[in-house]
Amino acid sequence: MGAVNFEILKMITLMTAVIFCISASVFADEPASAAPSNRPRIAVYVTGTENEAMSRSLGTFVLNAIAKTNRYTPIERSEAFLAEIASEQIKQRSGAIDDSQISRLGMQAGVQFICVADVASAQGDFHLSIRILDVETAEVVAVSVSPTMPRTRDNLRIAAEEVVETILKRLYPEDYFEETVQRKRFRFGGRAGYNSSFVSGLSLTVVDFGPHTDERKSHEPHDSKFGFAGSGFELSAVVKIAITDDAVFSLSPGFVMRSPYATDAAKISELAVSIPALFEWRLFNSPVSAVGGVQMDIPFNTEILWADEDESEPLDEIRPSQDFGLVLGVSVQVMYNLAVDMRFCAGISEFDKENSHFLRQLSVGVSYLY
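About the criteria used
Residues numbered from 1 in each chain as written. Predicted model: local features only at pLDDT ≥ 70, side-chain atom pairs only at ≥ 80, totals over all residues. Heavy atoms only, no water. Helix = DSSP H or I, 4+ residues; strand = E, 2+ residues; numbered from the N terminus. Buried < 20%, exposed > 50% of the residue type's maximum accessible area, 1.4 Å probe, protein only. Contact = heavy atoms within 4.5 Å. Areas by Shrake-Rupley, 256 points an atom, 1.4 Å probe, with all protein chains shown as cover. Expected span 1.5 Å × (residues − 1). Patch = residues over 30% accessible without salt bridge, like charges linked within 9 Å, V, L, I, M, F, W, Y side chains within 5 Å. Salt bridge = Lys/Arg side-chain N within 4 Å of Asp/Glu carboxyl O. Lys, Arg positive; Asp, Glu negative; His and termini not counted. Charge placed at Lys NZ, Arg CZ, Asp CG, Glu CD. Phe/Tyr/Trp six-rings, centres within 6.5 Å; stacked < 30°, edge-to-face > 60°. Core = buried A, V, L, I, M, F, W, Y, C linked by side-chain atoms within 4.5 Å. pLDDT = per-residue confidence, 0-100. Pairing = 2+ DSSP bridges.

Attention now goes to the overall build of the protein chain. Within the protein chain one finds six helices and 20 strands. Relative to its full complement of 370 residues, the protein chain shows a buried share of 41%. A sequence separation of at least 24 residues applies to 60% of the contacts in the protein chain between residues at least 6 apart. About 19900 Å² of surface is accessible on the protein chain, with carbon and sulfur atoms providing 57% of the total.

What follows is the structure in structure tokens.
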């Protein structure tokens, strides 16, 4: 038992370290490439306004909206850049310049992106369109348009904030996934996972007859061990109900194919209907959640295949009709729709009707939620 417990602890520690490393690298608030000194620089150019005061106000509103994120370093009114824009407009007979010209001037000003805010007015109303240009390629990486509304200073601010937020949600949905998740109380999806199982204390000895004698030959006992020998898979539906902003109840009924005993002596395999009822608690306002709860399995089609035998023998008569276990684990919200988790289920009901053996299961899964 000591060796088995050590193997369990080693495997759980390894898997926890792997998920921690994934979450640390993927979900760091700000990756190294986006450190404050290395964030891409962005300038704002306003066009279509009737006067300089309105242009300045709109530019300030857009800059403030961009500054709320950690994705760009906004450039306060770069007089050199705006002067180049004005000079270029004078050169053009129509007074208008295209995106390629704007991008070229932005590159000369030392910025990586240009946020172009265009105001269209009609009969006292206006709507605002914003597009972000990559100055290196002169391509539009995102665009959004506000609804038409009466032209007031406050409406101008509201339109700027809403349009900028819409663009940034499209470009960086991971920055907004927590807010979006909280708006949905009920979520549905599916989960697929790897299952590794073993039965604690189960040891089988192969006994057979010699070819020329009636004396039995006994081999060393083969102990059930935790590891990849007992590999299987899981497939289930997922229903999540938000209780609070940080607590979620999860129900994921499905099917499991597992091998709770797999050694050189024999292999026990079975199917089961699995019904985990779990609670998830988000930790420190992060994408990582602690998982805990109970699990009921209904096993069926339990078979044992002995070494050197071609056909399996049924074992349904020794198996109880239900398995019960306690679940502990961790879940990481990779993005709004995608989560990975690791769960350990310690059986609290006996694996067979004759001996005090208990089923242990480690599950690593990926969930897709709508």
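From this point on, the discussion continues.
Between the first and last C-alpha of helix 5 (residues 153-171) there are 27 Å, a value that for 19 residues agrees with the 27 Å anticipated at 1.5 Å per step. Taken together, the buried residues of helix 5 touch helix 2 (52-67), strand 4 (125-134), strand 5 (139-145) and strand 6 (149-150).

Next up on the list: a negative patch on the surface. A surface patch of like charges, here negative, comprises Asp308, Glu309, Asp310, Glu311 and Glu313. Inspection of the secondary structure assignment puts Glu313 in strand 17 (residues 313-314).

What follows is about the packing of aromatic side chains. As enumerated under the stated definition, the model contains five aromatic pairs in all. Ring geometry for Tyr72 versus Phe113: centroids 5.6 Å apart, planes at 80°, classification edge-to-face. Note that Tyr72 is positioned in the loop between helix 2 and strand 2 (73-74) and Phe113 in strand 3 (residues 113-122), a separation of 41 residues in sequence. The same class applies to Tyr72 as to Phe113, namely buried.

Next up on the list: the pattern of salt bridges. Counted under the stated rule, the structure contains 15 salt bridges. Among the salt bridges present, the one from Arg258 reaches Asp297, with a minimum N-O distance of 2.8 Å. A residue pair is termed long-range when its members are at least 10 positions apart, and Arg258 in strand 14 (residues 254-262) and Asp297 in strand 16 (residues 288-306) qualify at 39 residues. With relative accessibility at 1%, the residue Arg258 sits in the buried group. Through salt bridges with shared partners, a single network forms among Arg258, Glu270, Asp297, Arg319 and Asp323.

Counting residues in each nonpolar core, the largest one holds 29 residues, and the members touching the most others are Leu58, Val62, Ile66, Tyr72, Leu128 and Ile130. Excluding anything up to four places from it in sequence, Ile66 contacts Ile42, Val44, Tyr72, Pro74, Cys115 and Val164. Ranked by size, the runner-up nonpolar core spans twelve residues in total, among them Tyr45, Ile75, Ile97 and Leu133.

Moving on: the confidence of the model for the protein chain. Put simply, the protein chain has an average pLDDT of 80, and 75% of its residues get 70 or more. Mean pLDDT across the elements of the protein chain ranges from a minimum in strand 10 (residues 216-218), with 46, to a maximum in strand 18 (residues 323-333), with 95. Below pLDDT 50 for its whole length, residues 24-35 participates in 14 contacts with residues either more than four positions away or in separate chains. Low confidence marks residues 213-218, where pLDDT is under 50. Its contacts with residues over four positions away, or in another chain, come to 13 contacts.

One ladder, built from five bridges, connects strand 13 (residues 247-251) with strand 15 (residues 266-282); its direction is antiparallel. Bridge pairing links Phe249 to Phe279 in strand 15. Examined bridge by bridge, strand 14 and strand 15 share seven bridges and lie antiparallel to one another. From the neighbouring strand, Phe255 faces strand 15, where its bridge partner is Val273. Here strand 14 folds back onto strand 15 in antiparallel fashion, the turn holding three residues. In this structure, strand 15 lies alongside strand 16, joined through 16 bridges in antiparallel fashion. Its bridge partner being in strand 16, Phe279 is matched across the sheet by Gly292.

As a further point, take a nonpolar patch on the surface. The grouping of Val294, Phe324, Leu326 and Ile348 at the surface amounts to a nonpolar patch, some 360 Å² of accessible area in total. Tracing the sequence through the fold places Val294 in strand 16. Look at Val294 and you get partly exposed, because its relative accessible area is 46%.

We now examine the side chain of Ser129. Note on placement: Ser129 falls in strand 4. The contact partners of Ser129, leaving out residues within four places of it in the chain, are Val116, Ala117, Asp118, Ser144 and Val145.

This part is about helix 4 (residues 99-108). Listing the buried residues of helix 4 in full gives Asp99, Gln101, Ile102, Ser103, Leu105 and Gly106. Phi for Gly110, located one or two positions after helix 4, is positive at around 85°.

What follows deals with unusual backbone geometry. In this structure, Ala138 takes a positive phi of about 65° despite not being glycine. Within the secondary structure layout, Ala138 lies in the loop between strand 4 and strand 5. A relative accessible area of 27% means that Ala138 is categorised as partly exposed. The phi torsion at Asn301 lies on the positive side, around 55°, for a residue other than glycine.

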